[in-house]
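Architecture at a glance
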Amino acid sequence: MENHACPLCFAKVPRTLILTKTLEVDCPACHAALEVSRSSRLLASFVGILAAFVAVHLGGQVSGTAGWTLPIVAAVMVYGICAALVLFVFSELAVRPKISPTAFPHIHA
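The paragraphs below set out a description of the structure included in this document.

**What about the packing of aromatic side chains?**
- The final tally for this structure, using the stated rule, is zero aromatic pairs.
- For the cation-ring pair, Arg 15 lies above Phe 88, with the distance from its terminal atom to the ring centre recorded as 5.3 Å.

**Considering the sheet that holds strand E2 (residues 33-36)**
- With antiparallel pairing, three strands are arranged side by side in an open sheet as E1-E2-E3. Every interior strand has two partners, whereas the edge strands, strand E1 (25-26) and strand E3 (93-95), have only one.
- Across two bridges, the pairing between E1 and E2 is antiparallel. Bridge pairing links Val 25 to Leu 34 in E2.

**Thoughts on the side chain of His 4**
- Inspection of the secondary structure puts His 4 in the segment before helix H1 (15-20).
- Separated by 3.3 Å, the side chains of His 4 and Arg 15 make a polar contact.
- There is a polar contact of 3.4 Å between the side chain of His 4 and the backbone oxygen of Val 89.
- Setting aside its immediate chain neighbours within four residues, His 4 contacts Ala 11, Lys 12, Val 13, Arg 15, Ile 18, Leu 87, Phe 88, Val 89, Ser 91 and Leu 93.

Definitions and cut-offs
- Residues numbered from 1 in each chain as written.
- Predicted model: local features only at pLDDT ≥ 70, side-chain atom pairs only at ≥ 80, totals over all residues.
- Heavy atoms only, no water.
- Phe/Tyr/Trp six-rings, centres within 6.5 Å; stacked < 30°, edge-to-face > 60°.
- Lys NZ or Arg CZ within 6 Å of the ring centre and 35° of its normal.
- Pairing = 2+ DSSP bridges.
- Helix = DSSP H or I, 4+ residues; strand = E, 2+ residues; numbered from the N terminus.
- Polar contact = N/O pair within 3.5 Å; in protein donor to acceptor, adjacent residues only side chain to side chain.
- Contact = heavy atoms within 4.5 Å.

Dropping the structure here:
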């Protein structure tokens, strides 16, 4: 984890580029087609879901009108922030697989 370099030419890839184009990163040096690895995306999702779960339980102690809306809004906000932070710190790049033009275009091809 935490490898922000192209796996082919070892050039550093900016973290902002990794966050904005997770599945379609192009290496700035060799222009290879890259993506954030599946393990990095799973880790970011898992940490985001755990943080959202904690936010719901902390927001569940609020009573009144905001008693049911605050936990939902907090969970969505915390999930997005925590998942992005984990990708920002622990993202690893991998070469994007080439999809055959004869195969049906879905991610599990």
